[in-house]
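# Summary of the model geometry
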Amino acid sequence: MLFGHGDDFYDIAQHIKINYSSNVWYGAELTPLKNHIYQTFEQISRYPEPDAASLRQTLAEAHGISPDNLLVTNGSITAFYLIAEAWQGAKSMILIPSFAEYEDACRLHRHQMSFYPNRQPLEELSLQGENLCWICNPNNPDGSVIGRERLLHFIQENPQTLFVIDQVYADFYPENLLELKDIYAFPNIILIQSISKLHKIPGIRIGYIAAPSDIIQRIKPHLIPWSVNAWAIEIGKYTLTHPEQFVLPLQQWLDETRHLQKAIREAGIYVLPSSVTFFLNRLPKGRKASELKSYLIREAGILIRDASNFRGLDESYFRLSTQKPEENRLLLKHLKKYLSRQG
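In short, a report on the structure. (Residues numbered from 1 in each chain as written. Predicted model: local features only at pLDDT ≥ 70, side-chain atom pairs only at ≥ 80, totals over all residues. Heavy atoms only, no water.)

### Side note on the side chain of D104
Tracing the backbone shows D104 in helix α4 (residues 100-108). Residue classification places D104 among the buried residues on the basis of a relative accessible area of 18%. Here R107 takes part through its side chain, which lies 3.0 Å from a polar atom of the side chain of D104. (Helix = DSSP H or I, 4+ residues; strand = E, 2+ residues; numbered from the N terminus. Buried < 20%, exposed > 50% of the residue type's maximum accessible area, 1.4 Å probe, protein only. Polar contact = N/O pair within 3.5 Å; in protein donor to acceptor, adjacent residues only side chain to side chain.)

### Looking at unusual backbone geometry
Going from I96 to P97, the amide bond is cis rather than trans, its omega being -5°. Examined against the element boundaries, P97 turns out to sit in the loop between β3 (91-96) and α4. N137 connects to P138 through a cis peptide bond whose omega is 0°. Locating P138 in the fold gives a position in the loop between β5 (132-136) and α5 (148-157). You will see that K200, though not glycine, has its phi angle at about 60°, which is positive. For K200, the location among the structural elements is in the loop between α7 (196-199) and β8 (207-210). The backbone of R205 sits at a positive phi, close to 60°, despite the residue not being glycine. Residue R205 is classed as partly exposed on the basis of its relative accessible area of 28%.

### Re the pairing of strand β13 (residues 317-321)
Most of β13 is tucked away, with five of its five residues classed as buried. Neither face of β13 is exposed, since Y317, R319 and S321 on one face and F318 and L320 on the opposite face are all buried. Pairing analysis gives five bridges linking strand β10 (residues 278-282) to β13, with the strands arranged antiparallel. Within β13, the residue paired with F278 across the bridge is S321. (Pairing = 2+ DSSP bridges.)

### Side note on the pattern of salt bridges
Considering all chains together, one arrives at 11 salt bridges under this definition. When the shortest N-O distance is used, the salt bridge between E299 and R298 registers 3.5 Å. Residue classification places R298 among the partly exposed residues on the basis of a relative accessible area of 46%. Residues joined in a network through salt bridges with shared partners are E103, D104, R107 and R311. (Salt bridge = Lys/Arg side-chain N within 4 Å of Asp/Glu carboxyl O.)

### Considerations on the pairing of β3
Of all six residues in β3, five are buried, a share of seventy percent or more. Where β3 and strand β4 (residues 112-117) come together, six bridges link them in parallel fashion. Residue pairing in the sheet places L95 in a bridge with Y116 of β4. This β-α-β element, β3 to α4 to β4, shows right-handed connectivity. (Right-handed = clockwise from strand over helix to strand, strands pointing away.)

### What to know about the sheet that holds strand β12 (residues 305-306)
An order of β9-β10-β13-β12 is seen for the four strands of this open sheet, with the pairing classed as antiparallel. Among the strands making up the open sheet, the edge pair consists of β9 (270-271) and β12. Summarising the sheet, β12 and β13 pair through two bridges and their orientation is antiparallel. When the sheet's bridge partners are listed, D306 is paired in β13 with F318.

### Some thoughts on helix α2 (residues 53-63)
Among the residues of α2, L55, R56, T58, L59 and A60 are the ones counted as buried. Where α2 is buried, its residues contact β2 (70-73), β8 and α9 (230-241). Trailing α2 by a residue or two, G64 shows a phi angle of about 70°, which is positive. (Contact = heavy atoms within 4.5 Å.)

### Quick word on the sheet that holds β4
Read across the sheet, seven strands follow the order β2-β8-β7-β6-β5-β3-β4 without closing on themselves; strand pairing throughout is mixed. Each having just a single partner strand, β2 and β4 make up the two edges of the open sheet. Neighbour to neighbour, the strand axes of the sheet diverge by 20° on average, direction disregarded. Two strands pair when backbone bridges link them, and β5 and strand β6 (residues 162-166) are joined in this way by five bridges, in the parallel orientation. Paired with W134 across the bridge in β6 is V164. Across the sheet, α2 is in contact with β2 and β8; its angle to β2 comes to roughly 125°. The sheet contacts of helix α3 (residues 76-86) involve β2, β5, β6, β7 (189-194) and β8, and relative to β7 the element is tilted by about 155°. (Axes fitted to C-alpha atoms, helices over the stretch in contact; angles between N-to-C directions.)

Rendered as structure tokens:
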């Protein structure tokens, strides 16, 4: 879908001071990267590599796999559409609520879709007759996680199904999830990851697919030449070769998330358990997330994610990605004012 995602400040007339709607690391220091971009300015005067080959090579070296097992895309969303197109007309199982683009991509390419609630036992999910199974892990919007061993066991138990595993939020989870090298032991895995979440550069659009080489060869013909621009290629290589500039204080961020969740819960809002730094909330009966969103924008310039358009959720749900402690206190203040005004 073109609209209906988080971080939609471009569609809001009022100035946004604090953005809770985008699940990126808010504290990334981008000055060195900005200086590097200035130094490579001349790259935009010529066409980029048709398939982002140098970034693919850098990714392969960083993860210890072959470049033949990688495909770089214009953001992770492009990866989902490429996969859906390569398996046009397939039968797809999608765990929900989750990122709507899986469903949109499958619908565009005429998949037969089924849905399974992601908080029900994974082991009870039957994949008989399903060609693909789409799983976001950690899951957007609720931050639930399927542990590495449990997920690999389920994948191994269903060799007839190709698993599309979206791990763009893996950096926000403190334990190990699937690794790119797992594609060698499990031939029915497609992994999708992103460079933008950790590095606070979602506007540059860098995603990538890791899969067995035969799967990459099936997807690759659907890739549009020059779909990854020259600066995206250069920025991707820079972030991979300068990891010391993008160290995430994850435990500190998680601790602040738990503190914020507790305070919101005490204010009278139901908070769903989350294993990462963003989480889903449900307003009391009769309250709408769209109304809360408008109120927070108007009163404090705070942007939240109205989550009512996720399949399986209703108009009472909204998502937050934890920000700085002082900003979280301001959010709590206005959440309480909103609840009291509406009570």
